[in-house]
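# Results of the structural survey
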Amino acid sequence: MNINTTREWVHGLTALILGLFLLGISSGLGIVKNIVDIWSAFLSVPEYPAVIMREMFLNWRAWSRDKDFLNVEVTKLREENANLRLELSKMTGEKIYSDDKQKNESKTARVTLRAPMSWWNEIRIDKGEIDKITQGIPVYHDGYLIGRISSVSKMSSWAELITSPSFMIPAVIEETRELGVVVGDGSGTVLLRYIPAGRGGRNGMKVSTAMIGEELPPGLPIGKISNEMTTGSDGYATYKIELGADLSRFYTVSY
Amino acid sequence: MILVILWLIQDFLTVFAGGMQIPGLFMLGVVCKLLFNESSDGNLYLIWTAFAGGILWDLRWIGIPGFFTIGNVIVVLIVIQIWGAIPPQGRISGTGWLVFMLMSISQLIPPMLPVLILGGNTGWEFFLMRQAYSLPAILITMYFFNRKMKEKTV
């Protein structure tokens, strides 16, 4: 082995050891998250044309493929929405609010990072303080709650997903008005806990956020009950929730 | 400079594809440079370039530095050892399959590490898709490699 080959091996092995060292220590370090944010903010400049081109491409594809279907769907939903608003106004005696106010309320953000190590726990989106994002606001996909903003920086934010074990919110079964707590298990499943057992089947019933929560407004749709998992000795059951949003296929969120 | 541009193009295409796995253009560039390189200093430079490219890729797309960093360095070491074992005269002709294999390794090893370590069916699906997308990129790179090799020998 000549001197050049030895040098190449020394450099190569040093780089490998350094890589392994970084891999070993960085998963638990908060500073890595900051570096990731700074690097992504820097790259957002050269990536900007790609984002615009992708949006144009997706819009064009969606328009060409789903135009007719969407038109029918939108008309149907508008009618349904109008009827529901009418019902609500009859029940509460309130005036029907203007459509214009609601139109611009929902904004869209792009998911810029979903780290494999925390796949079911958090995502990063490309909107931050300058887009008026604040900590604690809910994040939706397809109109269903999927999480809430956990930390905000200048140009990006992190959102904790509903599947995270630390995401616990009060929720209500809409059909029975029973209250419970929605909690994730960190591996893609969302559970509804503390529901009194033995009061009949609840499969297919809708679950939304409850009024007793302080951070999230009531009535945000979450999903529906899919099946009962366990019943504890204390007389309370745990149900599995089928989320309304598909957490395996989302590239954008609304807030 | 060309490697910086290739890294940025790879990042650009990944954003355009919505985070999908696209061919590792940066590593194809590194392998090409290694195949034309004849100095030991050049090899050292490429080891650390691959290392830096891997860290930056990990920070952008994986969130944890180390996965592509290690993969890239392993690829460079393999290419240096295999290509270095062939005498310069033998590198001109009859190495098509070898070049194809070295370029394929550059597309196979770096994305395999995150899947092996983190696991998951989705990860394997993405990995296999990336391999399928990489094939045309490898063939195009080989075409340019052969052209440049011919120019060099004439």
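Scroll up a little and you will see the structure.
This report concerns the structure included in the present document. Residue positions are counted from 1 within each chain, in the order its sequence is given. Labels follow written order: the first chain is A, the first ligand is 1, and so on. Given that this is a predicted model, residues contribute local features only at a pLDDT of at least 70 and side-chain atom pairs are listed and counted only at 80 or more, while totals for whole chains, interfaces and linings are drawn from all residues.

## Considerations on the overall build of chain B
Secondary structure elements are defined from DSSP: runs of H or I of at least 4 residues count as helices, runs of E of at least 2 residues count as strands, and each element is numbered from the N terminus. Of regular secondary structure, chain B possesses six helices and zero strands. Counted from the first residue to the last, chain B has its helices and strands arranged as α-α-α-α-α-α. Any residue pair is listed as a contact if its two C-beta atoms, each placed from the backbone, are within 7 Å. Put simply, of all contacts in chain B between residues at least 6 apart along the chain, 60% involve residues at least 24 apart.

## A closer look at the interface of chain B and chain A
Every contact between the two is made by 28 residues of chain B and, on the other side, 30 residues of chain A. Those elements that provide at least two residues to the side of chain B that touches chain A are helix 1 (2–16), helix 3 (40–62), helix 4 (67–84) and helix 5 (96–118) of chain B. It is helix 3 of chain B that provides the largest number of residues to the side of chain B that touches chain A, a total of nine residues. Gly counts as polar in this scheme, as do all residues outside two lists: the nonpolar Ala, Val, Leu, Ile, Met, Phe, Trp, Tyr, Cys and Pro, and the charged Asp, Glu, Lys and Arg. Residues belonging to the side of chain B that touches chain A are distributed by class as follows: 20 nonpolar, six polar and two charged.

## Topic: helix 1 (residues 3–26) of chain A
By this rule the span expected of a helix is its residue count minus one, scaled by 1.5 Å. When the terminal C-alpha atoms of helix 1 of chain A are compared, their 34 Å separation across 24 residues agrees well with the 34 Å that a helix rising 1.5 Å per residue should span. Of all the positions in helix 1 of chain A, only E8, H11, G12, A15, G19 and L22 of chain A are classed as buried. Residues of helix 1 of chain A that are buried in the fold lie against helix 3 and helix 4 of chain B. Around each residue's C-beta, the other C-beta atoms within 10 Å are counted; 20 or more make the residue buried, 12 or fewer make it exposed, and counts in between make it partly exposed. All C-beta atoms are placed from the backbone.

## Things to note about the pairing of strand 6 (residues 168–173) of chain A
Here, a strand pair is defined by DSSP locating no fewer than two bridges between the strands. Bridge analysis of strand 6 of chain A against strand 7 (residues 178–184) of chain A gives six bridges, and the strand direction is antiparallel. Bridged to M168 of chain A within strand 7 of chain A is V183 of chain A.

## A short note on unusual backbone geometry
Residue and element names in this part refer to chain A. Although it is not a glycine, R177 sits at a positive phi angle of roughly 60 degrees. Relative to the helices and strands, R177 resides in the loop between strand 6 and strand 7. The exposed category is assigned to R177, around which 8 C-beta atoms lie within 10 Å. For Y194, which is not glycine, the phi torsion reads 65 degrees and is therefore positive. Relative to the helices and strands, Y194 is located in strand 8 (residues 190–196).

## Digging into the sheet that holds strand 7 of chain A
Pairing is antiparallel in the closed barrel, where six strands are placed in the order 6-7-8-11-10-9 (chain A). Within this sheet the neighbouring strands show an average axis-to-axis angle of 45 degrees, counted without direction. Note on method: axes are straight lines fitted to C-alpha atoms, helices fitted across the in-contact stretch only, with angles between N-to-C directions ranging 0 to 180 degrees.

## Here we look at the environment of T231 of chain A
All names here are of chain A. Following the sequence through the fold, T231 ends up in strand 10 (residues 221–231). For the pair formed by T231 and R193, sequence separation is 38 residues and the distance between their alpha carbons is 9.7 Å. When neighbours within four sequence positions are excluded, T231 is seen to be in contact with A197 and A237.

## A closer look at the nonpolar core
Counting residues in each nonpolar core, the largest one holds 74 residues, and the members touching the most others are V182 and I241 of chain A together with V31, V73 and V76 of chain B. It is helix 4 of chain B that contributes the most residues to this core, 10 residues altogether. Setting aside residues no more than four positions away along its own chain, V182 of chain A makes contact with I169, A171, V190, L192, V207, I222 and I241 of chain A. By convention the nonpolar core is taken to be a set of buried residues drawn from Ala, Val, Leu, Ile, Met, Phe, Trp, Tyr and Cys and joined through C-beta atoms within 7 Å.

## So, the environment of I74 of chain B
Among the secondary structure elements, I74 of chain B is positioned in helix 4. Considering only alpha carbons, one finds I74 of chain B and S106 of chain B, 32 residues apart in sequence, at a separation of 9.0 Å.

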